[in-house]
Each structure stands twice: as structure tokens, then as C-alpha cells.
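# Remarks on the overall topology
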Amino acid sequence: MKPIIILGIESSCDETSAAVIKNRQVLSNLIANQKIHELYGGVVPELASRAHQKNIVPVVEQALSESGMSKEELSAIAFTRGPGLIGSLLVGSSFAKAMSLALNIPLIEVNHIQAHMLAHFIEGNNGIGYKGISQSSFPIPYTSIPSFPLLCLTVSGGHTQILLVKEYLDMHVMGETLDDAAGETYDKAAKIIGLPYPGGPLIDTYAQKGNPNAFKFSEPNIPGLNFSFSGLKTSILYFVRDKTKEDKNFVAKHIADICASIQSIIVKILLNKLIAAAKQTGIKEIAIAGGVSANSGLRKEVIATGECLGWNTYIPPFEYCTDNAAMIAIAGYYKYLKGEFAEQNVAAIARYKF
Ligand code: KG4
Ligand code: ZN
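The structure displayed is predicted, hence computed values, not measured ones.

With 14 residues, helix α8 (residues 296-309) extends 20 Å between its outermost C-alpha atoms, agreeing within 8% with the 20 Å of an ideal straight helix rising 1.5 Å per residue. Turning to α8, its buried residues are Gly297, Leu298, Arg299, Val302, Ile303, Thr305 and Gly306. Where α8 begins, one side-chain oxygen reaches toward the backbone nitrogen of Gly297, 3.0 Å away; that side chain belongs to Asn295. Backbone geometry just after α8 places Gly310 at a positive phi near 70°.

What follows is the structure, given as C-alpha cells:
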């Protein structure tokens, strides 16, 4: 059978990315990060759209050239329709529409959150994981893909959800955050302690050298499978305010312990709900996805919990945790197989639910 070649385009936030896949195999995956936002301590939507407009042509050209494929060999173009920043989404979606029209090939719209989860189905995905209770080596690299039904904790800068995944494109939200997302909490906590944007990876780095029990922050008490992080954020803000009144160098002196304590509570909140969802459904196929799935504490705890509870755990490789177009392309591949194509009048949606 003729291989399916998909060009994926991702532009939902501050990364302009293009990837080419051949069936489930990634041939290229290019990401242009927008450094400009570091100056402002967060993503500035207007600047993000402008940077996407500058980056999109060179990034797509480079992705095609690295893949060894020509435009004429593409079977379809998949793009992020949402959720995300509307100005950013408009750049990627308009580009994808124009290219599909020019090449006369199908256009496929993709939900960014579904795509984070579907990154687990990329061929040769060298993530790590733990397979059931009979394996002795721990953690083990895995090349096998998860089976259905599957639970996926999707944690990013904009989302915190537990997904019940019944099929590649059939998933529903069992629980989600009522306020801030986990990645947003990391970034806001980082800002409070004076670290630059995006603060998640920096907190993670400091946390690895600190004591997770050094300081206590407030834990939310939300019934069911929903999350809340705004109380935690406020408790970090007041803690830092009070401590720096006593000693203006408090943060600098205790940065590793503060970060380890913040990381510990965020991971605990996430894990408790994931364990509850697994108990409630009896599902033991457990994955994590999204930018925060790059977090060392979360990866370690999910694997350790999986070992105790007999889960098969799926932890993505770092390049497929944060935003990338390979995940958009693999989502496009599954939609292509089902013949789910978009019309030329398809519009980007900032709050795209599935
Ligand atoms: O999935 P993603 O690239 O973009 C969205 O869809 O939002 O996630 C970005 C988020 C940011 O909040 C960033 O701070 C967080 O993921 N992040 C991390 C780590 N790496 C990225 N948070 C904690 N630890 C990390 N190692
Ligand atoms: Zn994302």
C-alpha cells in the first residue's frame, strides 16, 4: 500500500513547528522557539502571532527538506485548529489551508490536546515506561504502543485533564482543572521566586537538588477527579512575601528546597487524581502527555506508582512532551485513515473542546 505522508503544522502558542511523517514514522520535526517572550515573563499573544508569521515558511521548508520528501509527495496537511491563542492559530491554519489548496490535497484539522495524547502512537517512540508487575528492569524503554482503553493525564501550560481514551480519536474528559493548569502553576510559581519564563523546567532543575519536605504549601480539597491550583499559587505567593520580609535573601538561600517543595505538592495533586481515576475505571494502561510530562518528579512518581499498582505506564520521550508538530501529524494520520477531512472554510477555535 502507498505510504501516507502527512505534513503537520503546530502554531497554538509560542512554538512554530512543522513535521513530516510517513505512516507513523517521524521523518522530520522542526521547532522554532520564540525567545522574545522571556523578556516579558510570559507569552505575549501579539508578539507570538508576528513571530509565527516570520517563522512559518522557513520552518515548513526545512521540515520538508530534512524529511527528504517533496511537496508533491504529501498525502495531506494537518494543522492545529485549537485550543490556543487565536492570533497564533490563525497563522498556522491560514498557511495550511493555502498550501492544501495550492497542492490540491486534503486538509485535516487537529485538536492540540488530542494530539498530545496521540504522540504516544508515533512509531519507535523511545519513551520510558513500566510494563506490569512481572518485569524486573525498571524503568524500561518501550517501543510498544498503549492499548485501549487508556487513561492519559494531559498536563501542559494551558490544560490539566484526565482523559479516558477508548480509541485513537474517541476520548472524553473525566476530570480537569477548575482554574489554573499545572504548567501555568509552575510558570507562575517561578515568576514569584524570580525565575524567567518558562519556569517549569527551571523549577524542575532546582528541585532535583532540594528537600521536598522543607516547606509546606496548601493542598486543594476538590471532590471527584477535578483539579484546582489557584489556592496553591496564592499560598506560594504569601509564603514568599512573608519570608522575604524577614530576610530579603530568603529565596536565593533556599531556592532548591523551595522548588523541591513546590514540585512535590504539584506532583502529589496530579498523582492522587490519576490514582483515583485508575481505581474508578479499573484501567491499568496509564499515560502522561503534554509539556509537564517532561517533569522529572512526575515521570518518576508515575513509574513508581505504576510499579506498585501493576500499571503499564507510558512516559513520552522529551521531544514529544512539549509542543511539536510531529504530534499534530500523527493525529492527522489517524484522521486520514478515517477520511476525516476539513473544508476550506474551517476556522481556528481558541477554546476547542472535543
Ligand atoms: O505542552 P506545552 O509545550 O504547551 C502547551 O500546550 O501549553 O507545555 C508548556 C508547559 C509550560 O508551562 C512549561 O513550564 C511546562 O510545560 N514544562 C514543565 C517542564 N517542561 C515544560 N513543567 C515542569 N517541569 C518540566 N520539566
Ligand atoms: Zn501543548
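There is a patch of nonpolar side chains on the surface, built from Ile36, Leu39 and Tyr40 and spanning about 340 Å² of accessible area. Within the fold, Ile36 resides in the loop between β3 (25-33) and α1 (45-67). Looking at Ile36, the relative accessible area reads 36%, which means it is partly exposed.

We now examine the nonpolar core. Ranked by internal contacts, the top residues of the largest apolar core, which has 48 residues, are Leu153, Leu270 and Leu298. Taken together, the elements giving at least two residues each to this core come down to β8 (150-155), β9 (160-167), α4 (182-192), α5 (200-207), α6 (230-246), α7 (250-281), β11 (285-289) and α8. For this core, the element with the highest residue contribution is α7, accounting for 16 residues. Non-local contacts of Leu153, meaning those with residues more than four positions away in its chain, are made with Gln161, Ile162, Phe227, Leu270, Leu274, Ala287, Ile288, Ala289 and Leu298. Within the second largest apolar cluster, 34 residues are counted, among which are Ile21, Leu169, Ala289 and Met327.

Bound to the zinc ion (ligand 2) are the protein donor atoms His112 (NE2), His116 (NE2) and Asp323 (OD), situated 2.0 to 2.1 Å from the metal. Motif for the zinc ion (ligand 2), donor spacing along one chain: H-x3-H-x206-D. Residue His112 is found in helix α3 (residues 112-118), and its partner Asp323 is found in the loop between β12 (312-315) and α9 (326-337); the two are separated by 211 residues along the sequence. Residue His112 is classed as buried on the basis of its relative accessible area of 5%. For Asp323, a relative accessible area of 14% translates into the label buried.

Right, let's get into the side chain of Ser28. The residue Ser28 is located in strand β3 in this model. Ser28 gets classed as buried once you look at its relative accessible area, which sits at 4%. For Ser28, the residues in contact, after removing those within four places along its chain, are Ala18, Ala19, Val20, Ala63, Glu66 and Ser67.

Now for the domain arrangement of the chain. Often the size quoted for an interface is simply the accessible area lost on bringing the parts together. Parsing the chain into structural domains produces domain 1 (5-119 + 321-337) and domain 2 (127-316). Relative placement of domain 1 and domain 2: their C-alpha centres are 26 Å apart. Residue-level contacts link 17 residues of domain 1 with 20 residues of domain 2. Interface area for domain 1 against domain 2, summed over the two sides, is near 1,600 Å², with a carbon-plus-sulfur share of 75%. Looking at the side of domain 1 facing domain 2, the largest losses of area belong to Ile113, Met117 and Cys321, adding up to 38% of the total buried there. Taken together, domain 1 and domain 2 are joined by zero salt bridges. Only α3 and α9 provide two or more residues apiece to the side of domain 1 that touches domain 2. Residue contributions to the side of domain 1 that touches domain 2 peak at five residues, all from α3. When grouped by side-chain class, the residues that make up the side of domain 1 that touches domain 2 number eight nonpolar, five polar and four charged.

Reading the values: the criteria
- Residues numbered from 1 in each chain as written.
- Chains lettered and ligands numbered in written order.
- Predicted model: local features only at pLDDT ≥ 70, side-chain atom pairs only at ≥ 80, totals over all residues.
- Heavy atoms only, no water.
- Helix = DSSP H or I, 4+ residues; strand = E, 2+ residues; numbered from the N terminus.
- Expected span 1.5 Å × (residues − 1).
- Buried < 20%, exposed > 50% of the residue type's maximum accessible area, 1.4 Å probe, protein only.
- Polar contact = N/O pair within 3.5 Å; in protein donor to acceptor, adjacent residues only side chain to side chain.
- Patch = residues over 30% accessible without salt bridge, like charges linked within 9 Å, V, L, I, M, F, W, Y side chains within 5 Å.
- Areas by Shrake-Rupley, 256 points an atom, 1.4 Å probe, with all protein chains shown as cover.
- Salt bridge = Lys/Arg side-chain N within 4 Å of Asp/Glu carboxyl O.
- Core = buried A, V, L, I, M, F, W, Y, C linked by side-chain atoms within 4.5 Å.
- Contact = heavy atoms within 4.5 Å.
- Donors = N, O, S within 2.8 Å, 3.2 Å for Na, K, Ca; no water.
- Domains from an automatic or database assignment.
- Buried area = accessible area lost by both parts, 1.4 Å probe.
- Nonpolar A, V, L, I, M, F, W, Y, C, P; charged D, E, K, R; others polar.

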